[in-house]
Amino acid sequence: MKKLFILIGLAVSSNVFAGAHNEPDSVYLFSYATTKNSNHNGLHFAWSRDGKQWQPIGNEYPFVKSDYGRWGSQKRMLDPYVVQSPDGQWHAVWALNEKERLFAAVSSPDLVYWGRQTYHLTEHGENVQKPVLGYNNGFSVYYASNGKYYRTDSRDLKTYSAVKEVSANEYQSRNVSIDLPGGKATGQQHKVAWSVVANMLQAYDLRQFKDQRYAENTRQDAHRFADLKPVKASIVVQAEAARPISDLLFGVFFEDLNYAADGGLYAELIQNRDFEYALSDKENRDPHWNSKHSWSVQGTGSTFNIDSAQPIHPNNPHYAVLETSATGASLVNSGFDGIVVRKGEKYVLSAFLKGAGKVKVNLVNAQRQILASAVLAGGGSWKQSKAVLTASADATDAKLELQPLQTGRLQLDMISLFPQATFKGHTNGLRADLAQTIADMHPRFVRFPGGCVAHGDGLHNIYQWKNTVGPLEARKPQRNLWGYHQSAGLGYYEYFRYCEDMGAEPLPVIAAGVPCQNSGEVAGLGGGQQGGVPFEHMDEYIQDILDLVEYANGTATSKWGKVRAAAGHPKPFNLKYVGIGNEDLISDVFAERYKMILAAMKKHHPEIVVIGTVGPFSEGTDYVEGWKLADSLAVPMVDEHYYQPPGWFIHNQDYYDRYDRSKSKVYLGEYAAHLPGRPNNIETALAEALYLTTLERNGDVVHMSSYAPLLAKEGHTQWNPDLIYFNNSTVKPTVGYHVQSLYGRNAGNEYLPGVMTLDNQQDAVKKRVAYSVVRDQKTKDVIVKLVNLLPVPVSTNVNLNSISPAGSAVKTVLQGRPDDKTAAPVTSNINVQNEFSNELPPYSFTVIRIKTK
Ligand code: AHR
């Protein structure tokens, strides 16, 4: 498997590493957990030579933590019970909380690496408390519940016999209480070979060592580089050794998070146009988040209610009812934090109306001055009415008012207002400035619709692509797990169309038949991965995925191709990649469904590159188990995710150099450098720029990458940092955006190796200067990227003898103080000969695009 556990430079100071001749043959080991932090701290160990004096391994270091259910309220480990079976394997069971009839089980070969966790739902008792694990030619799990005792047997801690009630005598816990330096603890005492403990101490020390390095940041630079003089670097490019790399390396990952879709990229200006906002969108925490959200009545004589009898479409059940006894009042929508309109621009108004008479629609500013108006007519049945409004003045906080022109009952739904000037002028289109800012990065692909949004919060929240295509009034909105509402107005059709507009490959991600591992509890099923799609529904679930391929690529006469053609795109979208799963917990529940989906894709669509998942982190159980699964199933590509501090990126520049070239290719689907406080600044941007040089160098194994997340609306941000912030009128690209953009606009499809020599051999210095050289075969341009994460300048001498530069080159430099969030790249024309010098300013990223003969 991967090489993560290889010690990077054994510079760790610990007696453990030295070894000693007088080490004991065996010692006592104590496994325990505490109730601190509401039982979230996982399984700890302490060891003792004599069973009296105990030494904790780390400061209550968690060797394994519970992965069950929601972050915060769940992921708890109550009363873990650890035993060793005769084959030497270790096993632990624990209770998950005080109320569910579930226990967890996990095994480990060495108490350091812990495999997949399983969560078993028992059929007896009110809950599972104080489980005890016994081994006698097989496992027995005993547990207590409400004064009674139960037992279930298992051969493998995966499948279990029916639960039986047992006597109190049969429930025998070997728990002991031990005085540890941190206080008394209850757990199990074991006798083990010293090597078991030595290995655990070594693992703990290695973790500390790594974490210390990863925590390095530029605030320590004044001290770290106190005596550092300007550095000299010489780079010799070896174009004769050029090798092909992926031409899809830089793309984007769009997720409807931080109001990225409704109120963001999706150009609709009316909030809650369909009256489908629901208390459940925010898990009943906000009484104002309901069908009336963003709507109010201004004036007297009309009452405003919500009804659901005979809606336009069952997927869109709620609509507004205005009962008007005296005309004059209006139904008002306040947009997403107000509506921005610009003088002279046209806005497309539409609404479904039912009821006799006409409605005057006014676009008004904060002072209620009319900026544009039109009259829409209702009818005896639901009928869509449209008009184009031209704004007579600018406004940032406009509202839309709908005023019935006669008394009586009027029903309204799907009240919509779009700028006519959407990106590429499409109807139901995208906000032009935001869409263009993304397009300016020249993304080679777009991954959508998530992230967590793709696999959802529980089974019922899994993103269903079929709910997001077809007429808007028939699409099925749903709760967005980031705590708001998802109208599905920006759906699969719009995603595909946007990809096509940008010349980017579409990369839809479909849940692997399991929801997010952090899902809330589902009554009777437990939380998280316990709620996989039931096997009897898997055929249907898989058919939906196969249908997606037909929707994208089928002929206009095929069942799903017809739906695409009806939307205005008879030609196929040429889908080549499909992601299955999003950083899932690699559990048995996941693996069973994942295999079924992969097999079906291989059988029916061998032409599609399936991208699997290897969990949310750059190491650990999901990563290891995910890669094992990918190896065994020969998955063409896997999606890796890691959000790490800048120090991680600095110290892991060889991460992909170490990858086995014969295995699955990699899509680095989510990554970002995270500092405390989560800024997007020059420090994080340069750490990313530095790391991206290594992706280009490994562009034979890393085929795609995308920073995450992409968009964030000011005032509605659930996650920081993001690449592009925006409000209703302004788009604010970050310094990280400039890095991504410089890579996207200066990508190549050939990597030109080289040799860099520095006049300073300190490890800390060498790791903060990076370069990569690529060639774009279409233009024959050679692009040199140079990163300086040092507080001093680096004068570089670049030898290009192997590439014949034509003389002219364009140089772009992004530089600033590490905490600078507003720096922008500066471009100049320079002359480049076979050998040229260039000074890299402190904390800078330089891109030199060179014309060749
Ligand atoms: O990018 C934000 C979130 O990070 C994604 O939804 C999820 O995949 C990851 O945890």
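What you see is a predicted model, and the numbers here were worked out from it, not measured in a lab. (Residues numbered from 1 in each chain as written. Predicted model: local features only at pLDDT ≥ 70, side-chain atom pairs only at ≥ 80, totals over all residues. Heavy atoms only, no water.)

Regarding the overall build of the protein
Then, in step 1: Within the protein one finds 15 helices and 48 strands.
Then, in step 2: Here the protein has a C-alpha radius of gyration of 30 Å; the compact-globule value for 853 residues is 29 Å, and the two agree.
Then, in step 3: Each principal axis of the C-alpha atoms in the protein carries an extent, and together these give about 95 × 85 × 50 Å.
Then, in step 4: The burial tally for the protein puts 59% of its 853 residues in the buried class.
Then, in step 5: A separation threshold of at least 6 residues defines the contact pool for the protein, and within that pool the share at least 24 residues apart is 70%.
Then, in step 6: Here the protein has roughly 33,200 Å² of accessible surface; of this, 50% comes from carbon and sulfur atoms. (Helix = DSSP H or I, 4+ residues; strand = E, 2+ residues; numbered from the N terminus. Rg over C-alpha atoms; globule rule 2.2 N^0.38 Å. Buried < 20%, exposed > 50% of the residue type's maximum accessible area, 1.4 Å probe, protein only. Contact = heavy atoms within 4.5 Å. Areas by Shrake-Rupley, 256 points an atom, 1.4 Å probe, with all protein chains shown as cover.)

Considerations on the nonpolar core
Then, in step 1: Judged by nonpolar contacts, the single largest core of 125 residues is most densely connected at F254, Y492, Y656, L711 and F845.
Then, in step 2: For L711, the contacting residues outside a window of four places in its chain are F254, L257, N258, A260, L265, L434, I438, D722, I724 and F726.
Then, in step 3: Counting 32 residues, the second-largest nonpolar core is a separate cluster that includes L322, V361, L410 and L412. (Core = buried A, V, L, I, M, F, W, Y, C linked by side-chain atoms within 4.5 Å.)

Some words on the UniProt feature "domain: Alpha-L-arabinofuranosidase C-terminal" (unreviewed entry) in the protein
Then, in step 1: Here the UniProt-annotated "domain: Alpha-L-arabinofuranosidase C-terminal" (unreviewed entry) positions come out as residues 669-844.
Then, in step 2: Taken end to end, residues 669-844 is 18% helix and 40% strand, and its two terminal C-alpha atoms sit 25 Å from one another. (UniProt positions renumbered as here; feature names shortened; annotations may be inferred.)

Observations concerning helix α13 (residues 682-697)
Then, in step 1: Its 16 residues place the ends of α13 23 Å apart at the C-alpha level, agreeing with the 22 Å of an ideal helix rising 1.5 Å per residue.
Then, in step 2: Across the 16 residues that make up α13, a large majority, 15, are buried.
Then, in step 3: At the N-terminal end of α13, a side-chain oxygen is found 3.1 Å from the backbone nitrogen of E683, two or three residues along, and the residue is N681. (Expected span 1.5 Å × (residues − 1). Polar contact = N/O pair within 3.5 Å; in protein donor to acceptor, adjacent residues only side chain to side chain.)

Some points on the site of the ligand
Then, in step 1: Not every one of the 13 residues close to the ligand is listed here, only the nearest: E255, C452, E583, Y643 and E670.
Then, in step 2: Separating an oxygen atom of the ligand from a side-chain N or O atom of E255 is a distance of 2.5 Å.
Then, in step 3: Notes on the ligand: free accessible area 280 Å², of which the protein chains cover 95%.
Then, in step 4: A breakdown of the residues in the shell around the ligand according to their chemical character gives 8 nonpolar, 2 polar and 3 charged. (Near = heavy atom within 4 Å. Nonpolar A, V, L, I, M, F, W, Y, C, P; charged D, E, K, R; others polar.)

Considerations on the domain arrangement of the protein
Then, in step 1: Under the domain assignment used here, the protein contains domain 1 (2-211), domain 2 (218-245 + 751-852), domain 3 (252-261 + 425-747) and domain 4 (279-421).
Then, in step 2: The centre of domain 2, based on its C-alpha atoms, is set 32 Å off from the matching centre of domain 3.
Then, in step 3: Each partner contributes residues to the interface: domain 2 has 36 residues there, and domain 3 has 25 residues.
Then, in step 4: When the area that domain 2 buries against domain 3 is broken down by residue, the three leading residues are K767, L789 and F845, summing to 20%.
Then, in step 5: Linking domain 2 with domain 3 are 1 salt bridge.
Then, in step 6: With its nearest N and O atoms 2.7 Å apart, the salt bridge here joins E696 to K785. (Domains from an automatic or database assignment. Buried area = accessible area lost by both parts, 1.4 Å probe. Salt bridge = Lys/Arg side-chain N within 4 Å of Asp/Glu carboxyl O.)

Some details on the pattern of salt bridges
Then, in step 1: In the structure shown here, the tally under the stated rule is 45 salt bridges.
Then, in step 2: For K210, the salt bridge goes to E619, with nearest N and O atoms at 3.9 Å. With K210 in helix α3 (residues 194-214) and E619 in the loop between β33 (609-613) and α11 (621-633), this residue pair connects regions lying 409 residues apart in the sequence.
Then, in step 3: On the accessibility criterion, K210 (4% relative accessible area) is buried.
Then, in step 4: By relative accessible area, E619 is classed as buried at 16%.

Points about unusual backbone geometry
Then, in step 1: Following F448, the chain continues into P449 via a peptide bond in cis, with omega recorded as -5°.
Then, in step 2: Even without glycine at this site, L157 takes up a positive phi of about 60°.
Then, in step 3: Looking at the element boundaries, L157 is found in the loop between β10 (148-154) and β11 (164-166).

Regarding the sheet that holds strand β1 (residues 26-32)
Then, in step 1: Overall, antiparallel pairing links the 5 strands, which are arranged β3-β2-β1-β13-β12 in an open sheet. At either margin of the open sheet sits one strand with a lone partner, and together these are β3 (55-56) and β12 (176-180).
Then, in step 2: Note: strand β2 (residues 44-48) against β3, 2 bridges, orientation antiparallel. Of the residues in β3, the one forming a bridge with W47 is Q55.
Then, in step 3: Sheet strands touched by α3: β1, β2 and β13 (183-193). Its angle to β13, the strand with the most contacts, is close to 125°. (Pairing = 2+ DSSP bridges. Axes fitted to C-alpha atoms, helices over the stretch in contact; angles between N-to-C directions.)

Looking at the side chain of S350
Then, in step 1: With respect to the helices and strands, S350 occurs in strand β22 (residues 346-354).
Then, in step 2: Apart from the residues lying within four places of it in its own chain, the contact partners of S350 are Q384, S385, K386, M414, I415 and S416.

Remarks on the packing of helix α7 (residues 492-502) against helix α8 (residues 538-553)
Then, in step 1: Closest axis-to-axis distance for the α7/α8 pair is 11 Å, and the angle between their directions is 50°. The angle between α7 and α8 falls in the class oblique. The two elements α7 and α8 cross, and the hand of that crossing is right-handed. Contacts from Y492, Y493 and F496 in α7 reach L548, Y551 and A552 in α8.
Then, in step 2: Classifying every residue of the contact of α7 with α8 gives 6 nonpolar, no polar and no charged. (Parallel < 35°, antiparallel > 145°, perpendicular 65-115°, else oblique. Left-handed = near helix turned anticlockwise from the far one by under 90°.)

Points about the sheet that holds strand β31 (residues 505-510)
Whether parallel or antiparallel, the strands of a sheet pair through hydrogen bonds between backbone atoms.
Then, in step 1: Strands sit in the order β16-β28-β31-β32-β33-β34-β35-β36 across an open sheet of 8 strands; the sheet is parallel. Edge positions in the open sheet fall to β16 (252-253) and β36 (702-705), since each of these has one partner strand only.
Then, in step 2: As paired elements, strand β28 (residues 445-448) and β31 share 4 bridges and run parallel to each other. Paired with V446 across the strands is P506, a residue of β31.

Some words on the packing of aromatic side chains
Then, in step 1: Using the criterion set out here, one finds 51 aromatic pairs in the structure.
Then, in step 2: Aromatic side chains F250 and Y743 sit 5.1 Å apart centroid to centroid with 50° between the ring planes, which places their arrangement in the tilted category. Of this pair, F250 sits in the loop between β15 (243-244) and β16 while Y743 sits in helix α14 (residues 735-745); the two residues are 493 residues apart in sequence, bridging distant segments of the chain.
Then, in step 3: By relative accessible area, which is 4% here, F250 ends up buried.
Then, in step 4: One aromatic cluster is present, built from ring pairs that chain together F254, F448, Y463, W465, Y492, Y493, Y495, F496, Y551, W560 and F573. (Phe/Tyr/Trp six-rings, centres within 6.5 Å; stacked < 30°, edge-to-face > 60°.)

Quick word on the environment of Y725
Then, in step 1: By secondary structure assignment, the location of Y725 is in strand β38 (residues 724-726).
Then, in step 2: C-alpha separation for the pair Y725 and L400, spaced 325 residues apart in sequence, amounts to 26 Å.
Then, in step 3: Those residues in contact with Y725 that sit more than four places away from it in its chain are A712, N720, T730, V731, K732 and T734.
Then, in step 4: At a separation of 2.5 Å, a polar atom in the side chain of Y725 contacts the side chain of N720.

Re the environment of Q212
Then, in step 1: Looking at the secondary structure, you find Q212 in helix α3.
Then, in step 2: Through-space distance from the C-alpha of Q212 to that of W648 is 9.8 Å; in sequence the pair is 436 residues apart.

Let's talk about the environment of T852
Then, in step 1: Along the polypeptide, T852 turns up in strand β48 (residues 844-852).
Then, in step 2: T852 sits 77 residues away from R775 along the chain, and the two C-alpha atoms are 9.9 Å apart.
Then, in step 3: Discounting chain neighbours no more than four positions away, the residues touching T852 are K780, V782, I803, S804, P805 and A806.
Then, in step 4: Engagement of the side chain of T852 in a polar contact is seen with the backbone oxygen of K780, the distance being 2.7 Å.

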